[in-house]
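# Notes for the structure review
Now for the letters of each chain:
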Amino acid sequence: MKKTKHSRTAAAKRPARTVSKNGPLRGERPAGTSPKRVREILAKLDEAYPAVTCALEHDNPLQLLIATILSAQCTDVRVNQVTRPLFQKYRKPEDFAYANPRELEAEIRPTGFFRSKTKSIQGASKKIIEDFGGEVPRTMEQLLTLPGVARKTANVVLGTAFGIASGIVVDTHVQRLAGRLDLTRNTDAKKIEQDLIKIIPKDKWILFAHQLIWHGRRVCQARKPRCMECNLERICYSQDKTI
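All values reported here derive from a predicted model rather than from experimental measurement. (Residues numbered from 1 in each chain as written. Predicted model: local features only at pLDDT ≥ 70, side-chain atom pairs only at ≥ 80, totals over all residues. Heavy atoms only, no water.)

## Observations concerning the pattern of salt bridges
Applying the stated criterion to the full structure yields 13 salt bridges. Note that glutamate 40 is salt-bridged to arginine 234, the shortest N-O span being 2.3 Å. Of this pair, glutamate 40 sits in helix H2 (residues 35–48) while arginine 234 sits in the segment after helix H12 (205–218); the two residues are 194 residues apart in sequence, bridging distant segments of the chain. Since its relative accessible area comes to 62%, arginine 234 is described here as exposed. Two residues, lysine 204 and aspartate 46, come together in a salt bridge whose shortest N-O distance is 2.5 Å. Here lysine 204 is found in the loop between helix H11 (189–199) and H12, whereas its partner aspartate 46 is found in helix H2, with 158 residues between them in sequence. Residue aspartate 46 is classed as partly exposed on the basis of its relative accessible area of 25%. The structure contains a network of salt bridges with shared partners spanning Lys89, Glu103 and Glu107. (Salt bridge = Lys/Arg side-chain N within 4 Å of Asp/Glu carboxyl O. Helix = DSSP H or I, 4+ residues; strand = E, 2+ residues; numbered from the N terminus. Buried < 20%, exposed > 50% of the residue type's maximum accessible area, 1.4 Å probe, protein only.)

Right, dumping it as C-alpha cells:
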C-alpha cells in the first residue's frame, strides 16, 4: 500500500521507542529529553499549574508524614477524610506512638492496609521521639530510617513541609506521565527519579512533581487521557493518546 504524505509526517513526529525485552537498552536516552523539549514541557506545566502544592491536608510536618504513609494505595481525597478527625485526636508523636493499636487500626481502616500502616505510623513516631527529639527529621538519610518511609514519602515531606529539594516525588501519576512524555524509559520508581533529576532543574524538582500529579489527576488520566484538554498535546507523542 502506498504511504500517504500524512502517514510519513505522523511517523516523523514520533521518535522511535526501541526497547529490548529486558527493558531499555543500555545507555539509551529517551528522545523526549532534549533540553529544548524539557523547557517547553516545564513552561506548559507552569502555564497550567503555576502554584499547585500537595493535596494532602496538613498543618505540620508530622501530619504530612502520617498522611503520606496513609496515602499508599489510597486516594488523597479518602486520606483527607480520614485525617481530619484523626489529627484532632492525635496531635503529637507520643499520641501516635502509644495509642491503642486496635483503635488506630479502626480509625485508619478506610485507607486500606490498615494493619501495616498502623505499624509504620507507630514505629515512625517512636523513632522520631527516641532518635530525633520529637521532631520530624529534615534529611533524606534520617527520614529513610523511619519505618514505613521510602524515597517517595521522604521527598514529599522534605519538599512540601521543609522546602528542601532532595529529589523528585515519583508516585503513580509521575511514573505514568514521565513515561508518556518520553522523559524516561524506566518503570522502577528509583530509576525514574534518577532519570528526572538529570533533566529537570533542581529549583523545579518540588513544583514539577506536584504539577505532574495534578495533571495526572485532572487531564492525563490512566485509562482515558483527556488529550483534547491537554496543553501538552502538541508536543506529546505517547501511544496512549486519544486523538
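Following the structure, the description resumes.
## Describing the packing of aromatic side chains
Scanning the entire structure with this criterion turns up one aromatic pair. A centroid spacing of 5.0 Å and a plane angle of 20° characterise the contact between tyrosine 90 and phenylalanine 96, whose relative ring orientation is stacked. (Phe/Tyr/Trp six-rings, centres within 6.5 Å; stacked < 30°, edge-to-face > 60°.)

## Considering H2
An ideal rise of 1.5 Å per residue puts 20 Å on 14 residues; H2 measures up with 20 Å between its terminal C-alpha atoms. Of the positions making up H2, those classed as buried are Arg37, Val38, Ile41, Leu42 and Leu45. Across the axial projection of H2, the buried residues extend over an arc of 135°, all falling on one side. Summarising the geometry of H2, the exposed residues directed more than 90 degrees from the buried face are Pro35, Lys36, Arg39 and Glu47. (Expected span 1.5 Å × (residues − 1). Arc of directions from axis to C-beta.)

## Some remarks on the environment of aspartate 76
Of note, aspartate 76 is situated in helix H4 (residues 76–89). Separated by 19 residues in sequence, aspartate 76 and glutamate 57 place their C-alpha atoms 8.7 Å apart.

## Re the confidence of the model for the protein chain
Summing up the model confidence of the protein chain, the mean pLDDT is 90 and the portion of residues at 70 or higher is 88%. Predicted confidence is poor over residues 1–27, with pLDDT under 50, and the contacts of this stretch with residues over four places away or in other chains come to 16 contacts. (pLDDT = per-residue confidence, 0-100. Contact = heavy atoms within 4.5 Å.)

## Observations regarding H11
By the burial criterion, the buried members of H11 are Ile192, Glu193, Asp195, Leu196 and Ile199. One face of H11 carries all of its buried residues, which in axial projection span an arc of 165°. Away from its buried face, by an angle of more than 90 degrees, H11 presents the exposed residues Lys190 and Lys198. Tucked into the core, H11 has its buried residues touching H2, helix H9 (151–162), helix H10 (172–180) and H12. Regarding H11, its N-cap is aspartate 188, as a side-chain oxygen of that residue lies 3.1 Å from the backbone nitrogen of lysine 190 further along. (Polar contact = N/O pair within 3.5 Å; in protein donor to acceptor, adjacent residues only side chain to side chain.)

## Here we look at the nonpolar core
Counting residues in each nonpolar core, the largest one holds 64 residues, and the members touching the most others are Leu86, Leu196, Ile200 and Phe208. For this core, the element with the most residues is helix H3 (residues 61–70), which contributes seven residues. Excluding its chain neighbours within four sequence positions, the residues that come into contact with phenylalanine 208 are Leu42, Leu45, Ile168, Leu183, Leu196 and Ile200. (Core = buried A, V, L, I, M, F, W, Y, C linked by side-chain atoms within 4.5 Å.)

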